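Below are the chains, spelled out letter by letter.
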Protein chains: 2
Amino acid sequence: MNLPVECVPNFSEGRDAARVAALEAAIASVPGSYVLHRTSDADHNRSVITFAGEPEAVLEAAVRAAARAAELIDLNHHRGVHPRLGALDVLPFVPLGDTTLADCVALAHRAGERIWRELRVPVYFYQAAAIRPGRAPLEKIRQGEFEGLRENTLSDETKRPDLGGPELHPTAGAVIVGARPILIAYNINLATADLSIAKNIARAVRTSSGGLPCVKALGFPLASRGRVQVSMNLTDFNVTPPHVVYAEVSRLAAAAGVTVAESELIGLIPRKAVEMGFANALKLPDFASSSVIETCLASRASAK
Amino acid sequence: MNLPVECVPNFSEGRDAARVAALEAAIASVPGSYVLHRTSDADHNRSVITFAGEPEAVLEAAVRAAARAAELIDLNHHRGVHPRLGALDVLPFVPLGDTTLADCVALAHRAGERIWRELRVPVYFYQAAAIRPGRAPLEKIRQGEFEGLRENTLSDETKRPDLGGPELHPTAGAVIVGARPILIAYNINLATADLSIAKNIARAVRTSSGGLPCVKALGFPLASRGRVQVSMNLTDFNVTPPHVVYAEVSRLAAAAGVTVAESELIGLIPRKAVEMGFANALKLPDFASSSVIETCLASRASAK
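Keep in mind that what you see is a predicted model, and the values were worked out from it rather than measured.

Our focus in this paragraph is the overall build of chain A. The helix and strand tally for chain A stands at nine helices and eleven strands. Over its C-alpha atoms chain A spans a radius of gyration of 20 Å, differing by no more than 12% from the 19 Å that the globule rule assigns to 304 residues. Across its three principal axes, chain A shows a C-alpha extent of roughly 55 × 55 × 40 Å. Among the 304 residues that make up chain A, the fraction classed as buried is 52%. Within chain A, contacts between residues at least 6 apart in sequence are counted, and of these 71% link residues at least 24 apart.

Next comes the structure, spelled out in structure tokens:
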């Protein structure tokens, strides 16, 4: 079975397990759409579901997920540390295998059109699927979040959705739909409740303020755990892999007198990033994927 | 293509590339025998070739490799830091997939019988394939090496081969044939030429002198690199994985005032050991193989 497209919807619900299960069920209700992974976080009050399949199945599942999210989630009652604009907040399509980013842009545009036409939830397009200048970065679109943009889309034309509106949906906000290469969502939790430390480290490591390349970072409190978090997206792990970020955040944390409690992946990670981290940790300069038994056997198996 | 048996012959030749290529060619000359990996070390003067296939193909390739090694390698002229008793020194059969260790014991015994009968090279059986009490540990059999055992097999009955002999083969010595689960051959090179440091660390980490469980270790000089090496076999990486050994050797090296220059794998490593090392390095307590995209997709692919 070939799974040429991945989709990684981020929903503004991370506390009510029954609702998250309902969102997952909507995705799994489409034949040929396969849920690969699910992560929920209570402090973020957010869930990330990773699924994959043939383009048409993924498209249908994405629209059903958007519909279910709009039914179940009312942003007027949503609180969480992670910024959000929609019940289904972000909907990226990711190429796998031989699929191209352009294929995913086309899919994102079709998904966006259906979400507005069928659900009356306005849509912004981001990253490779952006259609307005300045809208490629997700964080630019989301500035102000649900509460702020709800006010601004009427008065400020530059804030209006790409499809639909100009008002946001009264409970479901808007969906930010995009196409992007694989990224690694990676969080490092610090053994302190001092939010300023996480915010300072996030600022120090993120690309936009002169930190590491291909890193987006925010500092969040994790009230339920009495910790703070440096929450990151690594947009090109070949440039900045997780182990490099871990080393840098550890160094900055130590300089601030705190330690790393643990780290966590949100969603899936490419195998190569795992191998890069292993080789670095054990100073294995000659390590190659072909040294892994299972990889070696699988490549033999597919060669014959 | 299914590859149910792995075989990892260790040859006493690691300097002459043409000879090593000839040994590899002998293995690859059998239809259904697939060479997966090859490592040669000049200081050890030793090569490890990993291959796999169906049992009958692997058996035939192992016998051809033993024959070629006996033709090409004369231990009277062999010098290297790694202990050795034969031209083809060690011949372990390793179960993959649904193959059992008992299957590999049977294969080892058949290989040993053919090596003695067809090549007149005597055979010792080790580990799961051992047939004499006290002969399970490879290092016990190899004690004295080619030069020592050549003298002793006549006078000391306890030193005699399990098949053939009592004299060793005059140039090819003897082959130590066995069956064992997967192990990880893992070396850590220290940025010093002081052999006593490597020997002391090897003694401190090896199981037989009270170190870490499931670890065999020796200290070697690497004259060509001006370094010393802690050379290890990790016989159960679920008990003691490479990253634990790396941390302990690094700690002992630091205590001796030296640093780890780099480490190296000889042959293949199971994917799980890579993932264990990555999760440890990045303090990822919840890391699971199912979080790796490729693993996740492959398990979906095979499920349908």
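There is more to say, and it comes next.
For the rest of this paragraph, the subject is the interface of chain A and chain B. The interface of chain A with chain B comprises 36 residues on the first partner and 37 residues on the second. Listed by contribution, the elements that provide at least two residues to the side of chain A that touches chain B are strand 3 (33-41), helix 7 (242-255), strand 11 (260-266), helix 8 (271-281) and helix 9 (293-303) of chain A. Looking at the side of chain A that touches chain B, its residues break down into 22 nonpolar, five polar and nine charged.

After a rotation of 180 degrees and a shift along the axis of 0.0 Å, chain A superposes on chain B with an RMSD of 0.0 Å. The operation mapping one copy onto its partner corresponds to a two-fold rotation axis. Ranked by how close their C-alpha atoms come to the rotation axis, the residues of chain A are headed by Phe278 of chain A, at 2.3 Å. Taken together, the interface assignments show that 100% of the residues at the interface of chain A recur at the interface of chain B, consistent with an identical surface on both copies.

What follows covers the pairing of strand 8 (residues 184-190) of chain A. Residues and elements named next belong to chain A. Of all seven residues in strand 8, seven are buried, a share of seventy percent or more. Residues Ile184, Tyr186, Ile188 and Leu190 point to one face of strand 8 and Ala185, Asn187 and Asn189 to the other, with burial holding for every one of them. Pairing analysis gives six bridges linking strand 8 to strand 11, with the strands arranged antiparallel. Its bridge partner being in strand 11, Ala185 is matched across the sheet by Ile266.

Residues and elements named next belong to chain A. The four strands are arranged 9-10-8-11 in an open sheet whose pairing can be described as antiparallel. The open sheet has two free edges, formed respectively by strand 9 (215-222) and strand 11, since each of these has just one partner strand. Going from strand to strand, the sheet's axes swing by 20 degrees on average, the running direction of each strand aside. Sheet topology note: the strand 9/strand 10 (residues 227-234) ladder contains eight bridges and is antiparallel. The residue bridging Ala217 from the neighbouring strand is Met232, located in strand 10. Across the sheet, helix 7 touches strand 8, strand 9, strand 10 and strand 11, and the angle it forms with strand 8 is around 20 degrees.

Further remarks concern the packing of helix 2 (residues 55-72) of chain A against helix 3 (residues 101-119) of chain A. Residues and elements named next belong to chain A. Running from N to C, helix 2 and helix 3 point in directions that differ by 35 degrees, and their axes come no closer than 10 Å. By crossing handedness, the relation of helix 2 to helix 3 is classed as right-handed. Across the interface between the two elements, Pro55, Leu59, Ala62, Val63, Ala66, Ala67 and Ala70 of helix 2 pack against Asp103, Leu107, Arg110, Ala111, Arg114, Ile115, Glu118 and Leu119 of helix 3. Tallied by class, residues from the contact of helix 2 with helix 3 come to eleven nonpolar, no polar and four charged.

All names here are of chain A. Domain boundaries assigned for chain A yield domain 1 (5-179) and domain 2 (184-269). Each of domain 1 and domain 2 has a C-alpha centre, and these two points are 24 Å apart. Each partner contributes residues to the interface: domain 1 has eleven residues there, and domain 2 has ten residues. For the side of domain 1 that touches domain 2, the element with the highest residue contribution is strand 3, accounting for three residues. Tallied by class, residues from the side of domain 1 that touches domain 2 come to five nonpolar, four polar and two charged.

All names here are of chain B. As summarised here, the arrangement of the four strands in space is 9-10-8-11, forming an open sheet in which the pairing is antiparallel. Bordering the open sheet on either side are strand 9 (215-222) and strand 11 (260-266), each of which pairs with just one other strand. Strand after strand, the sheet turns through a mean of 20 degrees between neighbouring axes, direction not considered. Its contacts with the sheet place helix 7 (residues 242-255) against strand 8 (184-190), strand 9, strand 10 (227-234) and strand 11, and it is angled at close to 20 degrees to strand 8.

Moving on, we come to the confidence of the model for chain A. Predicted confidence across chain A gives a mean pLDDT of 95, with 99% of residues reaching 70 or more. The ipTM assigned to the predicted complex is 0.92, against a pTM of 0.93.

Let us now look at the environment of Val63 of chain A. Residue and element names in this part refer to chain A. Within the secondary structure layout, Val63 lies in helix 2. Taking the C-alpha atoms as reference points, Val63 and Ala111, 48 residues apart in sequence, are found 6.5 Å from one another. Residues in contact with Val63, not counting those within four places in the same chain, are Ala111, Arg114, Ile115 and Glu118.

The biggest cluster of nonpolar side chains holds 206 residues, and the ones touching the most others in it are Ala66, Ala69 and Ile176 of chain A together with Ala66, Ala69 and Ile176 of chain B. Among all residues touching Ile176 of chain A, those that are not within four sequence positions of it are Leu85, Gly86, Asp89, Val90, Leu91, Tyr124, Tyr126, Leu138, Ile141 and Arg142 of chain A.

On to unusual backbone geometry. Residues and elements named next belong to chain A. The peptide bond linking Gly165 to Pro166 adopts the cis configuration, its omega dihedral lying at 5 degrees. With respect to the element layout, Pro166 can be found in the loop between helix 5 (145-155) and strand 7 (175-179). Positive phi is not limited to glycine here, since Cys214 has a value of about 65 degrees. Within the fold, Cys214 resides in the loop between helix 6 (195-205) and strand 9.

What counts and how
- Residues numbered from 1 in each chain as written.
- Chains lettered and ligands numbered in written order.
- Predicted model: local features only at pLDDT ≥ 70, side-chain atom pairs only at ≥ 80, totals over all residues.
- Helix = DSSP H or I, 4+ residues; strand = E, 2+ residues; numbered from the N terminus.
- Rg over C-alpha atoms; globule rule 2.2 N^0.38 Å.
- Buried ≥ 20, exposed ≤ 12 C-beta atoms within 10 Å, placed from the backbone.
- Contact = placed C-beta atoms within 7 Å.
- Nonpolar A, V, L, I, M, F, W, Y, C, P; charged D, E, K, R; others polar.
- Least-squares fit on C-alpha atoms with pLDDT ≥ 70 in both.
- Pairing = 2+ DSSP bridges.
- Axes fitted to C-alpha atoms, helices over the stretch in contact; angles between N-to-C directions.
- Left-handed = near helix turned anticlockwise from the far one by under 90°.
- Domains from an automatic or database assignment.
- pLDDT = per-residue confidence, 0-100.
- Core = buried A, V, L, I, M, F, W, Y, C linked by C-beta atoms within 7 Å.

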